[in-house]
Amino acid sequence: MSRARQYDESDVRVRPGRGSRPRTKRRPDHADAEEAMVVAVDRGRWTCAPGGAADRPPVTAMRARELGRTPIVVGDRVGLVGDLTGAPDTLARIVRVEERRTLLRRTADDTDPYERVVVANADRLVVVTSLAEPEPRTGFVDRCLVAAYAGGLEPVLCLTKADLADPGPFAAHYAELEFPVVVTRRGEFPTALAELLEARVSALVGHSGVGKSTLVNALVPDAEQRTGRVSGVGKGRHTTTAALALPLPDGRGWVVDTPGVRSFGLAHVTPDDVIAAFDDLAAAVEECPRGCGHLGPPADPECALDALVGEGALRPGRLAALRRVLVALRAAPPGALTADR
Ligand SMILES: Nc1nc2c(ncn2[C@@H]2O[C@H](COP(=O)(O)OP(=O)(O)OP(=O)(O)O)[C@@H](O)[C@H]2O)c(=O)[nH]1
Ligand SMILES: [Zn+2]
């Protein structure tokens, strides 16, 4: 019998239809399961980092039958049982998926009618935009911001190719929103970005050509090998992965590259979801009329955010910057949402 089958010993199904009968004492909720972070997904096999750390060999796992079709994505914190050595040809089992703290959804495309979560539990969304070649676009950044705020991630704007253009004017659009903005240029290690990524899980998004691979390769020394290895996981075939977590050299932080993700699903996002990310504004909008889009006059003449400005509790520039983001949300019609133009 191959080692891959040894998990069968604990492979007891939790049968439906037994009412409130507690689970067996023998295996209460898999108390013995070890926590791990999913770092790659490929056709029914999940690559997991035990303990959420990169200093142990990754473990390949299947989804326990009792989880049914529960989606499990990169960044998910899972409980693993079985062979966790990560030795070749071993297969562990995912028996539990922890509640997600944050999530990023990908927009449906022609081949996939459903919006899907692509990254779970990322602390940050790093929006990579070049200052030239290609030109930066506020529309793309704004849609990424909506996805970040609605999903519970802290946004970071990373402006690349500062050797080609002054970052000042583009960065000024976002100054009032007070999230971190970092600038990178050719021939310089991205120190400020690396500091922001430390001990965090950060998802990187950006258009082709903005310099995202250049950054990932600088931050993750063996990124190219890892990308090749993991994308061949499971069945030995190359696949385009939607997301892949790469460990930072400090051994704690992770960068999640999203090569297959060109757009975020915003179809279920409301203006309130975005406002909820702002501690200083969330309470104020409870005074807004029902269905307020928080855009101010003429669309939302009674928006309470304007009153806050009147009281001196909110800077007009901050409100204007926030409303530009909300406009990006409204401008994206449901079902046809893309963050890539
Ligand atoms: N001038 C300048 N060029 C850069 C900089 N960073 C990357 N580039 C160049 O921009 C081009 C695209 O860089 P990549 O890192 O491949 O960009 P990417 O976003 O990963 O693009 P894809 O690989 O197509 O997804 C390459 O020719 C890089 O050499 C920079 O800071 N300054
Ligand atoms: Zn309002």
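Since this is a predicted model, take the numbers as computed values, not measurements. (Residues numbered from 1 in each chain as written. Chains lettered and ligands numbered in written order. Predicted model: local features only at pLDDT ≥ 70, side-chain atom pairs only at ≥ 80, totals over all residues. Heavy atoms only, no water.)

1. Re the coordination of the zinc ion (ligand 2)
Angles between donor atoms at a metal ideally measure 109.5 degrees for a four-coordinate tetrahedral arrangement and either 90 or 180 degrees for a six-coordinate octahedral one.
Here is step 1: Coordination of the zinc ion (ligand 2) by the protein is provided by Cys 288 (SG), Cys 292 (SG), His 294 (ND1) and Cys 303 (SG), with metal-donor distances spanning 2.0 to 2.4 Å.
Here is step 2: The coordination sphere of the zinc ion (ligand 2) comprises 4 donor atoms, whose angles at the metal cover 105 to 116 degrees; the geometry is tetrahedral.
Here is step 3: Donor residues for the zinc ion (ligand 2) sit on one chain with the sequence pattern C-x3-C-x1-H-x8-C.
Here is step 4: By relative accessible area, His 294 is classed as buried at 1%. (Donors = N, O, S within 2.8 Å, 3.2 Å for Na, K, Ca; no water. Tetrahedral: all angles 85-135°; square planar, octahedral: opposite > 155°, others 65-115°. Buried < 20%, exposed > 50% of the residue type's maximum accessible area, 1.4 Å probe, protein only.)

2. Some points on the pairing of strand 12 (residues 244–247)
Here is step 1: Burial along strand 12 is two-sided: the face carrying Leu 244 and Leu 246 and the face carrying Ala 245 and Pro 247 are both buried.
Here is step 2: By the bridge criterion, 4 bridges tie strand 12 to strand 13 (residues 254–257) in an arrangement that is antiparallel. Residue pairing for strand 13: Leu 246 is matched across the bridge by Val 255.
Here is step 3: Linking two consecutive strands that pair antiparallel, namely strand 12 and strand 13, is a turn of 6 residues; a positive phi of about 85 degrees is found at Gly 251 within it. (Helix = DSSP H or I, 4+ residues; strand = E, 2+ residues; numbered from the N terminus. Pairing = 2+ DSSP bridges.)

3. A word on the site of ligand 1
Here is step 1: Around ligand 1, a shell composed of 13 residues is seen, among which Arg 186, Ser 208, Gly 209, Ser 213 and Thr 214 lie nearest.
Here is step 2: Within the side chain of Ser 213, one N or O atom sits 2.4 Å away from an oxygen atom of ligand 1.
Here is step 3: Its residues assigned to classes, the shell around ligand 1 shows 2 nonpolar, 6 polar and 5 charged. (Near = heavy atom within 4 Å. Polar contact = N/O pair within 3.5 Å; in protein donor to acceptor, adjacent residues only side chain to side chain. Nonpolar A, V, L, I, M, F, W, Y, C, P; charged D, E, K, R; others polar.)

4. Some thoughts on the UniProt feature "binding site: Zn(2+)" (unreviewed entry) in the chain
Here is step 1: Under the present numbering, the feature "binding site: Zn(2+)" (unreviewed entry) in UniProt falls on Cys 288, Cys 292, His 294 and Cys 303. Spanning 16 residues, the named residues nonetheless gather at one spot, since no C-alpha pair among them exceeds 7.9 Å.
Here is step 2: Its location among the elements puts Cys 292 in the loop between helix 7 (279–282) and helix 8 (304–310).
Here is step 3: A relative accessible area of 10% places Cys 292 in the buried class.
Here is step 4: Once residues within four sequence positions are removed from consideration, Cys 292 is found in contact with Asp 300 and Cys 303.
Here is step 5: With respect to the helices, strands and loops of the structure, His 294 is situated in the loop between helix 7 and helix 8.
Here is step 6: Not counting residues up to four positions away in its chain, the partners in contact with His 294 are Pro 271, Asp 272, Ile 275, Val 285, Cys 288, Asp 300, Cys 303, Leu 305, Arg 323 and Leu 326.
Here is step 7: Of the polar contacts made by the side chain of His 294, one reaches the side chain of Asp 272; its length is 2.5 Å. (UniProt positions renumbered as here; feature names shortened; annotations may be inferred. Contact = heavy atoms within 4.5 Å.)

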